[in-house]
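Topology and contacts: notes
Here is how the chains run, residue by residue.
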Amino acid sequence: MTYMKQSPVPALLLAGMMCLGAGSPAVAEEVSAEERGLRIALEARERSEGFGNFSASLTMVLRTKQGQETERHLRIKILEVIDGGDKTIFIFDEPRDVRGTAFLIHTNRDESDDIWLFLPALERVKRISSSNRSGSFMGSEFAYEDITDQVIEKFTYRYLGDEPCGDLVCTVIERVSLEEDSGYSRQLIWHDTEEYRSWKVEFYDRRNDLLKTLTATDYELHLERFWYAGQQSMVNHRTGKSTVMSWVDLQLGVELDERDFTRTGLKRLR
Amino acid sequence: MSPGSVLRRSLSGLVLVALVYPTTGRTDDSLIDYHEFYGTFSVESRWFPDSPAHAGQRDTDASFVAEPSLYLETADGTSFTLETLLRYDNTDAERNLADLREAYLLLLGLIGEDEWELRLGYDHVFWGVAESRHLVDIVNQTDLVANPNEEVKLGQPMAHLTLSGEWGVAELFALPWHRSRTYPGRHGRLRGAFVVDNGRERYESAAAERHLDLAARYSQSFGPFDIGVSVFDGTSREPYLEPVLECGPVPDPALCRVFLAPLYEQIRQFGLDLQMTTEGWLLKLEAIRRTGASNLFGRKEDFTAFVAGGEYTFYSVLESDIDVGLLAEWNRDSRLLRASNVFQNDVFLGSRLAFNDIEGTDLFFGVLADLDTGTRSFNVQMNRRLDDSLSLHLEGSLLENVGEDDPVHASRRDSFISVNLTYGF
């Protein structure tokens with residue numbers, strides 16, 4: 001779970017969250033496919049920064065191949081730290097046996113992040129390792145690396161082409177993680193050329209077989225700048241399982257108490 | 001009215017209120033801005049396959065635990081937490097308990113760049129990093145009858161002031177009341193040949209359980225290091241158990257009984273806990289220096305003890321969702337076989353499997369091997385959710401090759417299997 005400068009949760013959302021204005025990065029000039037892919041990613045990052053503090057509730061519906069369903073409920077708060085790493089809190093509400101369990105993440109730009117886990121039954125705050133990138137997040141089809149780390153410098157990019165997506169036109173870029181412990185050989189991302197929202201991501205496993213597909217829907221504009229998908233659906237093609245993430249009460253630029261984002265604050269979270 | 005009956009009365013009121021009101025939400029009351037009702041009910045059964053070693057002991061027990069809880073918060077961040085515990089056991093009356101796990105008022109504020117937090121009331125405080133044993137952890141008394149692993153604690157009344165800033169976290173504790181350790185009764189397993197009689201406990205201090213204990217801790221994180229240094233001065237949580245022979249008015253062996261009387265001494269303890277966290281690895285050290293306590297043979301002996309080890313986790317092994325953690329720790333006590341516990345020279349090896357499935361299944365295997373007496377103590381635990389509110393906990397504990405000179409020799413026939421179902425609301 002290496003969280004970098006960019007805020008962890010928005011990283012996923014931001015994959016599709018681009019603001020208006022500014023010229024298309026794919027303007028016609030003689031550049032390599034790698035350069036063109038990188039420009040799309042850089043543009044996305046630039047437009048997604050400066051959202052202020054973030055707070056939201058998240059519901060995940062986990063489905064098995066046989067159609068059995070179960071839900072997860074959690075809340076997420078992100079404190080934007082100017083000239084430093086952002087600080088993130090996850091608080092679990094359901095299922096009941098993990099109620100009150102919380103994570104505190106202090107993002108570091110140049111080294112691995114600091115992560116503390118709060119276990120309410122023992123009132124214990126435990127520092128944990130940040131290397132669990134490819135593991136499942138709460139038994140869902142999302143891996144930690146899907147919902148966290150999307151730092152530009154940790155990937156190489158390649159522009160593959162344009163193709164229609166619904167009523168829009170999408171650019172397709174490929175990115176390859178530079179992290180040794182990533183679970184993927186490569187990912188393909190579809191951005192529309194109007195608002196640069198990402199509508200689809202394909203994840204290929206280490207043997208280069210299609211492993212998972214993420215589709216985003218219900219885009220809404222926040223603070224007149226940021227596009228957030230209200231719903232994201234991840235389907236695992238190998239297991240037939242799927243997870244739908246729905247965001248509720250999504251607030252940008254919200255006022256958060258800095259004191260909650262400490263080891264002491266972690267113990268009094270609700 | 002005894003504290004226990006007050007607690008039971010307030011608990012029954014709380015349960016009623018919880019049934020009537022919604023469990024969480026904003027309230028219209030101008031003072032209380034937010035409230036939550038929550039808690040658990042659980043049933044547990046333990047089975048001891050070996051016939052008992054001591055008279056009066058039974059082969060099975062069943063218990064019921066309710067933990068109704070309440071949280072109130074005002075608009076300025078002041079909050080009140082009430083977590084209560086009621087336990088009924090059908091075999092051993094010493095396992096019955098009405099406890100305030102937490103009942104505290106929490107106040108917050110700022111001093112310049114730093115923040116302060118004050119907790120007043122019953123609370124739980126955890127210090128330390130190790131897994132096989134919580135050596136530096138001393139604020140709360142152990143609820144030994146809940147589980148022999150010493151992980152379950154009783155609520156402790158305290159004033160707890162925390163100051164924190166860029167320079168670290170400093171905590172000061174004033175502990176005005178001592179809680180007695182719980183011990184199994186005559187019908188209970190996991191005890192020695194003689195029963196501990198909590199009615200006959202004694203204190204070294206003339207103030208007895210009212211002695212004001214003081215404690216302080218400083219902790220800080222430096223990159224991969226988390227360090228804590230602590231000091232405790234007051235009534236020991238671990239009593240010396242003094243054998244007492246008591247006879248009736250007529251000298252007749254039939255009217256005599258032998259029991260253990262807990263003696264709570266005045267001690268001072270300095271503690272250190274340190275963890276280094278790197279990719280995959282957690283390296284841990286806890287160490288204490290304790291003065292003023294008696295050893296196994298009832299003689300005062302100052303000592304040093306430590307637990308050192310590490311934990312390594314392999315994530316998503318063989319492209320599955322399963323994480324496998326490996327743990328190894330070494331426990332050492334300078335009193336050697338005069339130590340008042342089993343951790344004088346013991347190696348702990350364990351493995352934790354997290355399946356990361358929908359049911360949140362995890363498995364834990366551990367063995368604590370005594371390098372001096374040869375005793376091996378195995379422990380297996382499994383947790384799994386049955387649905388969103390109901391979860392299952394299975395535990396097995398096996399003692400093997402128990403040496404005659406080992407303190408656990410008296411409970412050598414107390415291997416057990418337990419099944420626990422917990423409903424959360």
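Residues numbered from 1 in each chain as written. Chains lettered and ligands numbered in written order. Predicted model: local features only at pLDDT ≥ 70, side-chain atom pairs only at ≥ 80, totals over all residues. Heavy atoms only, no water.

1. Digging into the overall build of chain B
What counts here: A run of H or I in DSSP counts as a helix once it spans at least four residues, and a run of E counts as a strand once it spans at least two, with each numbered from the N terminus. The reference for a compact globule is 2.2 Å times residues^0.38; the radius of gyration itself is calculated from the C-alpha atoms. Partly exposed residues are those whose accessible area sits between 20% and 50% of the maximum for their type, while under 20% is buried and over 50% is exposed, using a 1.4 Å probe and protein chains only. When checking whether two residues touch, look at their non-hydrogen atoms; a contact exists if any pair is within 4.5 Å. Method for areas: the Shrake-Rupley scheme with a 1.4 Å probe, in which residue coverage is limited to the protein chains shown. The charge count treats Lys and Arg as positive and Asp and Glu as negative. His and the chain ends do not count. Charge placement uses NZ in Lys and CZ in Arg. For Asp and Glu, CG and CD serve respectively.
Helix and strand counts for chain B stand at one helix and 22 strands. Computed over C-alpha atoms, the radius of gyration of chain B comes to 23 Å, within 12% of the 22 Å expected from 2.2 N^0.38 for 425 residues, which places it in the range of a compact globule. With the principal axes as the frame, chain B shows a C-alpha extent of 70 × 60 × 45 Å. A total of 425 residues make up chain B; the buried ones form 48% of that total. The contacts of chain B with a sequence gap of at least 6 include a subset with a gap of at least 24, amounting to 55%. When the accessible surface of chain B is summed, it comes to about 19400 Å², and 61% of that surface belongs to carbon and sulfur atoms. Where the 37 positive side-chain charges of chain B centre and where its 66 negative ones centre are 8 Å apart.

2. With respect to the interface of chain B and chain A
Under the convention used in this document: The salt bridge definition used is simple: a Lys or Arg side-chain nitrogen within 4 Å of an Asp or Glu carboxyl oxygen. In protein, a polar contact means a hydrogen-donor-capable atom and an acceptor-capable atom, both N or O and within 3.5 Å, with residues adjacent in sequence counting only if both atoms are side-chain atoms; elsewhere, any N or O pair within 3.5 Å suffices. Ten residues, namely Ala, Val, Leu, Ile, Met, Phe, Trp, Tyr, Cys and Pro, are considered nonpolar, four, namely Asp, Glu, Lys and Arg, are considered charged, and the remaining ones, Gly among them, are considered polar.
Between chain B and chain A, the contact holds 55 residues from the first and 37 residues from the second. At the junction of chain B and chain A, the tally comes to eight salt bridges. With a closest N to O distance of 3.4 Å, A:Lys126 and B:Glu131 form a salt bridge. At the boundary of chain B with chain A, the tally comes to 18 residue pairs in polar contact (both at pLDDT 80 or more). The greatest single-element share of the side of chain B that touches chain A, amounting to six residues, is contributed by strand E5 (residues 97-111) of chain B. Partitioning the side of chain B that touches chain A into residue classes produces 15 nonpolar, 20 polar and 20 charged.

3. Side note on the sheet that holds strand E13 (residues 257-264) of chain B
All names here are of chain B. Worth spelling out the cut-off: Criterion used throughout: strands pair if DSSP finds at least two bridges between them.
Strand order in the open sheet formed by three strands is E9-E13-E12, with mixed pairing between adjacent strands. At either margin of the open sheet sits one strand with a lone partner, and together these are strand E9 (202-203) and strand E12 (240-246). Here two bridges tie E9 to E13, and the two strands are oriented parallel to one another. Counterpart to Tyr-203 in the pairing with E13 is Tyr-264.

4. Comments concerning helix H2 (residues 33-48) of chain A
Residue and element names in this part refer to chain A. The cut-off we apply is this: Expected helix span is computed as 1.5 Å times (number of residues minus one). The arc in question is formed by the directions pointing from the helix axis toward the C-beta atoms.
Taking 1.5 Å of rise per residue, 16 residues should cover 22 Å, and H2 covers 23 Å from first to last C-alpha, within 8% of that figure. By the burial criterion, the buried members of H2 are Gly-37, Ile-40, Ala-41, Glu-43, Ala-44, Arg-47 and Ser-48. Angular distribution of buried residues about the axis of H2 spans 155°; they occupy a single face of the element. Count one or two residues on from H2 and you reach Gly-50, which has phi positive near 85°.

5. Section: the confidence of the model for chain B
Residue and element names in this part refer to chain B. Our working rule: pLDDT gives the predictor's per-residue confidence on a scale running from 0 to 100.
When the pLDDT values of chain B are averaged, the result is 91; 93% of them are 70 or greater. Contacts for the low-pLDDT stretch residues 1-20, under 50 throughout, to residues beyond four places or in other chains number 20 contacts. The ipTM, which scores confidence in the relative placement of chains, is 0.88 for this predicted complex, and the corresponding pTM is 0.86.

6. A short note on the packing of aromatic side chains
Going by this rule: To pair, rings of Phe, Tyr and Trp, with the six-membered ring standing in for Trp, must have centres within 6.5 Å; the planes then decide the type, stacked if under 30 degrees apart, edge-to-face if over 60, and tilted in the middle. Sitting over a ring, as applied to charges here, requires NZ of Lys or CZ of Arg to be within 6 Å of the ring centre and within 35 degrees of the ring normal.
On inspection of all chains with the given rule, the structure shows 18 aromatic pairs over all chains. Taking 5.8 Å as the distance between ring centres and 80° as the angle between the ring planes, the aromatic pair formed by A:Phe92 and A:Phe103 counts as edge-to-face. Highlighted residues: A:Phe92 in strand E3 (residues 87-94) and A:Phe103 in strand E4 (residues 102-106), separated in sequence by eleven residues. Residue classification places A:Phe103 among the buried residues on the basis of a relative accessible area of 9%. Seen in terms of ring centroids, B:Tyr203 and B:Tyr264 are 5.3 Å apart; in terms of plane orientation they differ by 25°. Their pairing is stacked. Remark: B:Tyr264 occurs in strand E13 and B:Tyr203 occurs in strand E9; sequence separation between them is 61 residues. Each member of the pair, B:Tyr203 as well as B:Tyr264, carries the same accessibility label: buried. Ring pairs connect the aromatic residues A:Phe54, A:Tyr228 and A:Trp247, which therefore count as one cluster. Above the ring of A:Tyr159, the side-chain terminus of A:Arg36 is found at 3.9 Å from the ring centroid.

7. Digging into the side chain of A:Ser242
Residues and elements named next belong to chain A. Along the chain, Ser-242 falls in strand E13 (residues 242-252). Taking the relative accessible area as the measure of exposure, Ser-242 reaches 14% and is therefore buried. Those residues within four positions of Ser-242 in sequence are excluded, and the remaining contacts are Val-61, Leu-62, Arg-63, Glu-141, Met-234 and Val-235.

8. Focus on the state of the cysteines
Put simply, the test is: The definition used for a disulfide is geometric: two cysteine sulfur atoms within 2.5 Å.
On inspection of all chains with the given rule, the structure shows two disulfides over all chains. The disulfide partner of A:Cys165 is A:Cys170, and the S-S distance across this bridge is 1.9 Å. As the torsion about the S-S bond is roughly 75°, the A:Cys165-A:Cys170 disulfide counts as right-handed. Judged by its relative accessible area of 0%, A:Cys170 is buried. In this model B:Cys247 forms its disulfide with B:Cys256; the gap between the sulfur atoms is 1.8 Å. Here B:Cys247 and B:Cys256 share a disulfide; its torsion about the S-S bond, 110°, makes the bridge right-handed.

9. Considering the nonpolar core
Applied cut-off: To form a nonpolar core, buried Ala, Val, Leu, Ile, Met, Phe, Trp, Tyr and Cys residues must be joined to one another through side-chain atoms within 4.5 Å.
Core analysis: the largest hydrophobic core is formed by 44 residues, its most contacted members being A:Phe54, A:Leu74, A:Phe103 and A:Phe137. Broken down by element, this core gets its largest block of residues, five residues, from strand E1 (residues 54-63) of chain A.

10. Points about the pattern of salt bridges
A pair can form between side chains of opposite charge whenever their charged atoms are brought close. If you walk through the whole model with that rule in mind, you get 51 salt bridges over all chains. Notably, a salt bridge pairs A:Asp146 with A:Lys212, separated by 2.9 Å at the nearest N-O pair. Note that A:Asp146 is positioned in helix H3 (residues 144-147) and A:Lys212 in strand E11 (residues 210-222), a separation of 66 residues in sequence. Its relative accessible area of 3% is what places A:Asp146 among the buried residues. B:Arg95 is the salt-bridge partner of B:Glu44, the closest N and O atoms lying 3.8 Å from each other. With a gap of 51 residues between them, B:Glu44 in strand E2 (residues 32-47) and B:Arg95 in the loop between strand E4 (79-89) and E5 connect regions that are remote in the sequence. Comparing B:Glu44 with B:Arg95, the two get one shared label, buried. Here the salt bridges do not stand alone but share partners, grouping A:Arg124, A:Lys126, B:Glu131, B:Lys284, B:Glu311 and B:Arg352 into one network.

11. Some remarks on unusual backbone geometry
Residue and element names in this part refer to chain A. The omega torsion of the bond from Glu-94 to Pro-95 falls at 5°, within 30 degrees of zero and hence cis. Here Pro-95 is to be found in the loop between E3 and E4. With a phi angle near 55°, Glu-123 is a residue other than glycine that sits in the positive phi range. Here Glu-123 is to be found in the loop between strand E5 (114-119) and strand E6 (124-128). The class for Glu-123 is buried, based on a relative accessible area of 9%.

12. Details of empty space enclosed by the protein
Space left empty within the atom packing is revealed by a probe, the size of a water molecule, rolled over the atoms. Stated precisely, the cut-off is as follows: Using only the protein atoms, space was sampled on a 1 Å grid; points where a 1.4 Å probe fits but cannot get out form cavities, open sets with protein on both sides within 12 Å along at least five of seven lines form pockets, and lining residues are those with an atom within 4 Å of a point. Grid points are joined across faces, edges and corners, and a volume is the space filled by probe spheres set on the points.
In total, this model carries five cavities of 30 Å³ or more according to the counting rule given. In this model, the largest cavity occupies a volume close to 450 Å³. Broken down by secondary-structure element, the contributors of at least two residues to the lining of the largest cavity are E6 and helix H4 (263-266) of chain A together with strand E6 (114-123), strand E7 (156-165), strand E8 (168-175), strand E10 (213-222), strand E11 (225-235) and strand E14 (266-277) of chain B. Here the element with the most residues in the lining of the largest cavity is E6(A); it accounts for four residues. Broken down by class, the residue content of the lining of the largest cavity amounts to eight nonpolar, eight polar and 13 charged.

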